[in-house]
There are 2 protein chains.
Amino acid sequence: MSEHPFIRLFNRYLREQGLPVTHQRNRVAAAVFGSEDHLSVDDIEGILRAQDERIGKATIYRTLDLLVKSRLVEEHDFGEGFKRYEHRLSRTPVHQHLICSECGDVEEFESPEMPAIEARVAREFGFRPSRHRLEIYGLCRSCQEAGVTLSQEGLACPIEVA
Amino acid sequence: MSEHPFIRLFNRYLREQGLPVTHQRNRVAAAVFGSEDHLSVDDIEGILRAQDERIGKATIYRTLDLLVKSRLVEEHDFGEGFKRYEHRLSRTPVHQHLICSECGDVEEFESPEMPAIEARVAREFGFRPSRHRLEIYGLCRSCQEAGVTLSQEGLACPIEVA
DNA sequence: CTCAGTGCAAACCGTTTGCAGAACG
DNA sequence: CGTTCTGCAAACGGTTTGCACTGAG
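Residues numbered from 1 in each chain as written. Chains lettered and ligands numbered in written order. Predicted model: local features only at pLDDT ≥ 70, side-chain atom pairs only at ≥ 80, totals over all residues. Heavy atoms only, no water.

Some remarks on the protein's contact with DNA strand D
Reasoning step 1: Taken together, 19 residues surround DNA strand D, and among them T22, R25, T59 and R62 of chain A together with Y61 of chain B come closest.
Reasoning step 2: Sugar and phosphate atoms form 75% of the subset of DNA strand D atoms that lie within 4 Å of the protein.
Reasoning step 3: One of the side-chain N or O atoms of T22 of chain A is found 2.6 Å from a phosphate oxygen in DNA strand D.
Reasoning step 4: Those elements that provide at least two residues to the surface near DNA strand D are helix 2 (23–33) and helix 4 (57–69) of chain A together with helix 4 (57–69) of chain B.
Reasoning step 5: Residues of the surface near DNA strand D, tallied by class, amount to 9 nonpolar, 5 polar and 5 charged. (Near = heavy atom within 4 Å. Polar contact = N/O pair within 3.5 Å; in protein donor to acceptor, adjacent residues only side chain to side chain. Helix = DSSP H or I, 4+ residues; strand = E, 2+ residues; numbered from the N terminus. Nonpolar A, V, L, I, M, F, W, Y, C, P; charged D, E, K, R; others polar.)

What follows is the structure, encoded as structure tokens:
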């Protein structure tokens, strides 16, 4: 019954915190661990419904809080008006996101230059970094091949351009 | 009356789009251009109220949409549950954010390595970048000096660490 | 004068919360 | 068995929208 080995990690976390291990918690965790995507709460609800699991949205939110606190899952906000969740069990330890403004597709990439950037701000600003977020928005290959161009509605002659 | 020269740019944008230049639009724009901070809609409402301007929230939101479209203003989401707005008229052309998880303070820093990163993902993924976001969360100098430490509630023995 | 903008209040929508009943330990 | 969880539905809070009225061009 302890399907995914990661479920066991989650259960260990729950026991460490003195929290009950429940059927619903494990089903929500299994849904997240079983996907390599960035899932919205609706996605998770859909996965569970497809398994004939009728788990309330509130429980899904409450379980995701626990998964995030356990650090087994990461929360993302890509500015869509809702959050997405992704488990942290892939091989790539740090990953950044490439987000297509047209189709919304998210690819991951590594950026080996991040540690150097963090070290620099630590030195220059006396800032102690704990986590970061690097997202590049633009057009993915397939949208470019489909001939999509991003509309640019700004001032004809901007004062200064990046 | 055309106080800030940037207001004129905004008015030019409005005329280019065939949209009316109104008192409210200019007051909202002036509030944003007159501050170097990252303003929430409530902040803007407060600034306007302090000037005895009674402008509805809906109008503020609608005007911010126009300012963002004109590319004179940037929208940010620091995961607080609401958006913040900042004009793009400072000397620093590209700026990244250093966000203190304790006091919420936001500092800006430049990262000259971004163009190289963007060039790399363009090459490796066939992705065409249009804009990016780099945010580093952690503890600012003053919170460290005040003795604050970030609580770490995750699993005692994480599977893999970044 | 006409058409778009404004203010108000209601609608929206993702998320959170309160509470009665169910489950874990 | 006591304590925590679950599901439901209502509450929440930032943002958006519908509509009668005002104001820009």
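Looking at helix 3 (residues 41–50) of chain B
Residues and elements named next belong to chain B.
Reasoning step 1: When helix 3 is considered as a whole, its buried residues turn out to be V41, I44, E45 and L48. Buried residues in helix 3, looked at end-on, bunch into an arc of 100 degrees, giving them a common side.
Reasoning step 2: In the stretch just after helix 3, D52 is the one whose phi turns positive, near 60 degrees. (Buried < 20%, exposed > 50% of the residue type's maximum accessible area, 1.4 Å probe, protein only. Arc of directions from axis to C-beta.)

A word on the relation of the copies chain A and chain B
Reasoning step 1: Least-squares fitting of chain A to chain B yields an RMSD of 0.1 Å, with the superposition described by an axial translation of 0.0 Å and a rotation of 180 degrees. With respect to symmetry, the two chain copies, as superposed, fit the operation of a two-fold axis. Among all C-alpha atoms of chain A, that of L134 of chain A lies closest to the rotation axis, at 2.2 Å.
Reasoning step 2: Interface overlap between copies is the fraction of interface residues in one copy that are interface residues in the other; for chain A against chain B it reaches 100%, indicating a shared surface. (Least-squares fit on C-alpha atoms with pLDDT ≥ 70 in both. Contact = heavy atoms within 4.5 Å.)

Here's the deal with the sheet that holds strand 2 (residues 73–76) of chain A
Residues and elements named next belong to chain A.
Reasoning step 1: Strands sit in the order 1-3-2 across an open sheet of 3 strands; the sheet is antiparallel. Across the chains shown, the open sheet's two edge strands, defined by having one partner strand only, are strand 1 (39–40) and strand 2.
Reasoning step 2: Relative to strand 3 (residues 84–87), strand 1 runs antiparallel, the two being bridged by 2 bridges. Its bridge partner being in strand 3, L39 is matched across the sheet by Y85.
Reasoning step 3: Contacting strand 1, strand 2 and strand 3, helix 2 crosses the sheet at an angle of about 80 degrees to strand 3. (Pairing = 2+ DSSP bridges. Axes fitted to C-alpha atoms, helices over the stretch in contact; angles between N-to-C directions.)

Quick look at unusual backbone geometry
Negative phi characterises most residues that are not glycine, and trans characterises most peptide bonds.
Reasoning step 1: Phi angles above zero are rare outside glycine, and R71 of chain A is one such case at about 70 degrees.
Reasoning step 2: Along the polypeptide, R71 of chain A turns up in the loop between helix 4 and strand 2.
Reasoning step 3: Positive phi values are uncommon outside glycine, yet D52 of chain B reaches one of about 60 degrees.
Reasoning step 4: With respect to the element layout, D52 of chain B can be found in the loop between helix 3 and helix 4.
Reasoning step 5: Here D52 of chain B falls in the exposed class, since its relative accessible area comes to 64%.

Concerning the interface of chain A and chain B
Reasoning step 1: With 59 residues of chain A in contact, the opposing surface of chain B contributes 60 residues.
Reasoning step 2: Summed over both sides, the interface between chain A and chain B buries roughly 5,400 Å², with carbon and sulfur atoms accounting for 55% of that surface.
Reasoning step 3: At the junction of chain A with chain B, the criterion picks out 4 salt bridges.
Reasoning step 4: For E113 of chain B, the salt bridge goes to R120 of chain A, with nearest N and O atoms at 2.9 Å. (Buried area = accessible area lost by both parts, 1.4 Å probe. Salt bridge = Lys/Arg side-chain N within 4 Å of Asp/Glu carboxyl O.)

A look at the domain arrangement of chain A
Residues and elements named next belong to chain A.
Reasoning step 1: The domain architecture assigned to chain A consists of domain 1 (1–89) and domain 2 (94–150).
Reasoning step 2: Here the C-alpha centre of domain 2 lies 25 Å away from the C-alpha centre of domain 1.
Reasoning step 3: In this assembly, 6 residues from domain 1 lie in contact with 8 residues from domain 2.
Reasoning step 4: Across the domain 1-domain 2 interface, the total number found is 0 salt bridges.
Reasoning step 5: Our count for the domain 1 to domain 2 interface comes out at 2 residue pairs in polar contact (both at pLDDT 80 or more). (Domains from an automatic or database assignment.)

Looking at the protein's contact with DNA strand C
Reasoning step 1: Close to DNA strand C lie 21 residues, the nearest being Y61 of chain A together with T22, R25, T59 and R62 of chain B.
Reasoning step 2: In the environment of DNA strand C, a phosphate oxygen lies 2.3 Å from a nitrogen or oxygen atom belonging to the side chain of Y61 of chain A.
Reasoning step 3: In this structure, a phosphate oxygen belonging to DNA strand C sits 2.6 Å away from a side-chain N or O atom of T59 of chain B.
Reasoning step 4: Listed by contribution, the elements that provide at least two residues to the surface near DNA strand C are helix 4 of chain A together with helix 2 (23–33) and helix 4 of chain B.
Reasoning step 5: Per element, the largest residue contribution to the surface near DNA strand C is 4 residues, and it comes from helix 4 of chain A.
Reasoning step 6: Tallied by class, residues from the surface near DNA strand C come to 10 nonpolar, 5 polar and 6 charged.

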